[in-house]
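The lines below spell out each chain.
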Amino acid sequence: MTKIISIANQKGGVGKTTTSINLATSLSAINNKVLLVDADPQGNASTGVGIPYENRSPSLYDLIVNREFDAKSIIKTIVPDLDIITANTNLAASEIELANIENREFVILEILSKIKNYDYIIIDCPPALGLLTINSLVASNSVIVPLQSEFFALEGVSSLVSSIQLIKENFNNSLRVEGIVLTMVDKRNSLSALVEKDVRDHFGEIVYKTTIPRNVKISEAPSHGKPAILYDVNCSGSMAYIGLAKEIINRQGLIK
Ligand SMILES: Nc1ncnc2c1ncn2[C@@H]1O[C@H](COP(=O)(O)OP(=O)(O)O)[C@@H](O)[C@H]1O
Ligand SMILES: [Mg+2]
């Protein structure tokens, strides 16, 4: 059974792509076969695992437009047991193209249902609640929401929660929130601690015990075309993402 997890938050810059790349890498490092799906037209997840622009064809956009899975779209990354379906700027047009077709919420689900042999599929969602994110959530078993530990962390979370609820009611009744992960946490900053307390008071158990620290190695890694875990496995950020992967695996079965 493949478990499909979307990494979603309509806010930009909260750590979706960083979490997608490093969680996917960590899961593969602990003996899972993982497929990363880059569903953001910015293509940062594709860049972050070292796939040059010219190697992104067919990309997710082609699969969506043709409404058909193509095995050639699956590309091996430098990480063993981690493959990717890439994205490029073409994908932006799919928001418009999807709008005009029948069953437009189910296109990514149809594509991913053809893909077997992975333990996990991780989808990096764009920073919007448009059709790409809706398609990703419809295709997923669960969603992980990264929250940046800053003053406005909870801003917009209620509209994300209501979108998830709507998708659950209308298109995918088994969708659930896998968890909330606090990113860019700065333990020396008292505001960061306050935000963490606030988020935990508000959401309780669903917030992972593991938090991701603000760590310069994490932000440097993509410019080397490598997940942080490959760039520097011992940095605090890499260790946190490996911890998060373990917590996710251990939690399975504990939550209904
Ligand atoms: N834990 C972290 N420590 C330091 N920088 C981070 C961390 N997580 C993300 N970043 C940086 O913050 C920026 C936004 O992160 P990103 O993952 O691209 O967010 P999103 O996909 O939600 O837009 C990027 O430049 C990224 O390198
Ligand atoms: Mg992103």
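Sequence order as written defines the numbering, with residues in each chain counted from 1. Chains and ligands are labelled sequentially in the order written, the chains with letters from A and the ligands with numbers from 1. With pLDDT at 70 or above as the cut-off, local features in this predicted model cover only qualifying residues; side-chain atom pairs require 80 or more to be listed or tallied, and sums for whole chains, interfaces and linings still use all residues. Side-chain metrics rest on all non-hydrogen atoms present in the structure, leaving aside hydrogens and water.

(A) Up close: the site of ligand 1. What surrounds ligand 1 is a group of 14 residues, the closest being G13, T17, T18, P213 and N215. The term polar contact refers here to a pair of N or O atoms within 3.5 Å; inside protein, the definition further demands a hydrogen-donor-capable atom paired with an acceptor-capable atom, and it admits residues adjacent in sequence only when both atoms are side-chain atoms. At a separation of 2.9 Å, an oxygen atom of ligand 1 approaches a polar side-chain atom of K16. In these tables, accessible area is a Shrake-Rupley quantity obtained with a 1.4 Å probe, and a residue counts as shielded only by the protein chains included in the view. Contact with the protein chains covers 79% of the free accessible surface of ligand 1, which is 550 Å². With respect to the detected pockets, ligand 1 is housed in the largest pocket. Counting residues per element, the ones that place at least two in the shell around ligand 1 are helix 1 (16-29) and helix 9 (216-220). Strands here are runs of E lasting at least two residues and helices are runs of H or I lasting at least four, both read from the DSSP assignment and numbered beginning at the N terminus. Of the residues forming the shell around ligand 1, the biggest block, 3 residues, is contributed by helix 1. Class assignment for the residues of the shell around ligand 1 results in 5 nonpolar, 7 polar and 2 charged. When at least one non-hydrogen atom of a residue lies within 4 Å of a molecule or strand, that residue is treated as near it. Note on definitions: the grid is 1 Å and covers protein atoms alone; a cavity is a set of points where a 1.4 Å probe fits but cannot get out; a pocket is an open set with protein on both sides within 12 Å along at least five of seven lines; lining residues have an atom within 4 Å of a point. Think of it this way: if more than half of a molecule's atoms are within 2 Å of a pocket's grid points, that molecule is in the pocket or cavity. Charged means Asp, Glu, Lys or Arg here, nonpolar means Ala, Val, Leu, Ile, Met, Phe, Trp, Tyr, Cys or Pro, and polar covers whatever is left, Gly included.

(B) Inspection of the pairing of strand 7 (residues 176-183) at higher detail. Only protein chains enter the accessibility calculation, which uses a 1.4 Å probe; a residue is then buried when its area is under 20% of its type maximum, exposed when over 50%, and partly exposed in between. A large share of strand 7 lies buried, amounting to 6 of its 8 residues. Pairing between two strands requires that DSSP report at least two bridges joining them. Of the strand pairs in this sheet, strand 6 (residues 142-148) and strand 7 are connected by 7 bridges, and their pairing is parallel. When the bridges of strand 7 are listed, V143 appears paired with V177. For the crossover that starts at strand 6, traverses helix 7 (residues 157-170) and ends in the parallel strand 7, the hand is right-handed. Looking down the strands as they point away from you, a crossover is right-handed if its path from the first strand over the helix to the second goes clockwise.

(C) Structural context of the layout of surface pockets. Here the largest pocket defines a volume of roughly 320 Å³. Taken together, 21 residues line the largest pocket, and the ones lying closest to its centre are G13, V14, G15, T18 and M184. Those elements that place two or more of their residues in the lining of the largest pocket are helix 1 and helix 9. Element by element, the count of residues in the lining of the largest pocket is highest for helix 1, at 3 residues. Grid points are joined across faces, edges and corners, and a volume is the space filled by probe spheres set on the points.

(D) Up close: the nonpolar core. By convention a nonpolar core is built from buried Ala, Val, Leu, Ile, Met, Phe, Trp, Tyr and Cys residues, the set being connected through side-chain atoms within 4.5 Å. By size, the foremost hydrophobic cluster in this structure holds 42 residues, and its most contacted members are V37, L60, I64, L112, I121 and I123. Counting residues per element, this core draws most heavily on helix 6 (residues 131-139), which supplies 5 residues. Beyond its immediate chain neighbours, meaning those up to four positions away, V37 contacts L60, I85, L112, I121, I122, I123 and D124. Within the second largest apolar cluster, 30 residues are counted, among which are I5, L82, I122 and A221. Any two residues whose heavy atoms approach within 4.5 Å at even a single point are treated as in contact.

By themselves, these figures tell us nothing about what the structure is for.
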